[in-house]
Amino acid sequence: MKQIRRQLAFAAAVVLLILTGGCGPGTPERITLTVATFGEFGYDDLIPGYQFTHPGLTIRQVRTEQGGPYHQDLLDKLQKGQELADVQAVEEGHLADVLAHADKFADLAEIGPPDVKPGRWLEWKYEAGRSKDGKLVGYGTDIGPLAMCYRKDLLEAAGLPTDPGSVKTMFATWDSFFQAGEKYVKRSHGKPWFDSAAQVFNAKVNQLPVGYLDREDHSTLETNTALRDAWNQVTAAVKQGQSAGLTAFQDDGNNGLRTGAFATKVCPSWMLGVIEQQAGVGNAGKWALTDAFPDGGGNWGGSFLTVPSSSPHQKEAAALAAWLTAPEQQLHAFRVSGNFPSQVDAFTSPDLLSEMNGYFGGALSGQVFVAQARKVGKPQYKGPGDGKIQETVIAPSLKAVEQGADPAAVWQQVLIGVHKLVP
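Thresholds applied
- Residues numbered from 1 in each chain as written.
- Predicted model: local features only at pLDDT ≥ 70, side-chain atom pairs only at ≥ 80, totals over all residues.
- Heavy atoms only, no water.
- Helix = DSSP H or I, 4+ residues; strand = E, 2+ residues; numbered from the N terminus.
- Contact = heavy atoms within 4.5 Å.
- Areas by Shrake-Rupley, 256 points an atom, 1.4 Å probe, with all protein chains shown as cover.
- Lys, Arg positive; Asp, Glu negative; His and termini not counted.
- Charge placed at Lys NZ, Arg CZ, Asp CG, Glu CD.
- Expected span 1.5 Å × (residues − 1).
- Bend = angle between axes of the 7 residues up to and from the residue.
- Buried < 20%, exposed > 50% of the residue type's maximum accessible area, 1.4 Å probe, protein only.
- Core = buried A, V, L, I, M, F, W, Y, C linked by side-chain atoms within 4.5 Å.
- Axes fitted to C-alpha atoms, helices over the stretch in contact; angles between N-to-C directions.
- Parallel < 35°, antiparallel > 145°, perpendicular 65-115°, else oblique.

As recorded in an unreviewed UniProt entry, the protein chain goes by the name ABC transporter substrate-binding protein, listed as coming from Amycolatopsis plumensis.

Structure below.
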């Protein structure tokens, strides 16, 4: 089925390229642009057509499979002042470290095509790509709006409601989510409600107006009471047995999806594919999706295209990046790879709104995530080191609590660990 969709998407892309080939500056001389990406951006079918409509232009896509090594190499080159690709993709979790080097990137608001306006994107996506001084460093690609996924059969077995209205009420706030989790654990004789404390805590933190760092890049953990409240609420749920104590994307977490080791999961749009792949065909139809997320909307994931100052062809690179992130191309990428668009005009596409996920019981996933994306407020400021705090301090600390450590004592260790990374 995915192969058929990809072939249809390719055919549509060819027609689209012919119709829109006039965009972007002319390239009379022979120019080569390098586009560095990671994972699957859905560009394989688009780039050849762009070359066809831009004589004299050669585009070379350099794709790294894993995002971790890709971003480590990117940051190493930035610190050493080494040359980067003409168009460099950056994932949102590493964006703060790139924005800290904003002087090494072109301002796309100045060199990009004049018809590319801020209103093209969801406001929060556009704002996330700007540096502290207002420089537009990245054109937004995909996003990861948050919804909740749940196992209908497990909720039903525990005597919890599974009809859409009741489920939305159950997931309306974090208070109601954890209250339902407490009931689930008791009624299921000790089965966990969610997979990982780190996954839930990260989602809660990303909803806060201020996260781990303030705009001066100082730690807020000692003064940000909302952070401590989030820690207390999640760790209290852990002590009630609500967490399965698994590690997402690792063997134990994947096995938990296959065996039904937990009943609910924080679900950005791209997580549907992960669940389907790891839970397997035997669990098709057992999982469901709701257009609700505790205390409003949230986002987890998505990337940006940047143009480093080292590029000798910045205007041509910016034109390519603008075209790749336009609504038509974002919809093509969605059809090919499932990357959810961040462009406002894409949200009215019949293809997107009619997207149905059979694995999740025929859920209209396109409509669900469009609704969730519109709920996201202003982007939370994330300074350099934000990702390291989550990965090397918070996640291991929550794992320790899941293994029996005292939450209050571990929080003191969190403060020490964070201050080793940032002032």
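Moving on: the overall build of the protein chain. Assigned secondary structure in the protein chain consists of 19 helices and 8 strands. Counting only C-alpha atoms and orienting by the principal axes, one finds that the protein chain spans roughly 70 × 50 × 35 Å. In the protein chain, 76% of the contacts between residues at least 6 apart in sequence involve partners at least 24 apart. As displayed, the protein chain offers around 18,100 Å² of accessible surface, 53% of which is attributable to carbon and sulfur atoms. Measuring between centres, the 38 positive side-chain charges of the protein chain sit 4 Å from its 45 negative side-chain charges.

So, on to helix H18 (residues 386–402). The terminal C-alpha atoms of H18 lie 23 Å apart, and with 17 residues this matches the ideal 24 Å at 1.5 Å per residue to within 8%. Of all the bends found along H18, the most pronounced is centred on Ile394 and spans about 30°, while Pro396, a proline, follows it within four residues. Here H18 has its buried residues at Asp386, Gly387, Ile389, Gln390, Val393, Ile394, Ser397, Leu398, Val401 and Glu402. Summarising the contacts, the buried residues of H18 are in contact with helix H4 (92–99), helix H10 (197–206), helix H11 (225–239) and helix H19 (407–421). Among the residues trailing H18, Gly404 stands out with phi positive, at a value near 115°.

What follows is about the nonpolar core. One finds Trp193 and Ile275 to be the most contacted residues of the largest nonpolar core, which totals 79 residues. Non-local contacts of Ile275, meaning those with residues more than four positions away in its chain, are made with Cys149, Leu257, Lys265, Cys267, Gly280, Trp287, Tyr359 and Phe360. Membership of the second largest hydrophobic core comes to 34 residues, among which are Leu33, Ile47, Leu108 and Leu320.

Here the focus is the packing of helix H9 (residues 174–187) against H11. With their axes 10 Å apart at the nearest point, H9 and H11 run at an angle of 10° to one another. By the angle class used here, H9 and H11 are roughly parallel. Counted together, Trp174, Asp175 and Phe178 of H9 and Gln233, Val234 and Ala237 of H11 form the full contact between these two elements.

Most peptide bonds are trans, and most residues other than glycine sit at a negative phi. Positioned with a positive phi, Asp217 is a non-glycine residue whose angle comes to about 65°. Here Asp295, not a glycine, exhibits a phi torsion of approximately 60°, which is positive. Within the element layout of this structure, Asp295 appears in the loop between strand E6 (287–290) and strand E7 (299–306).

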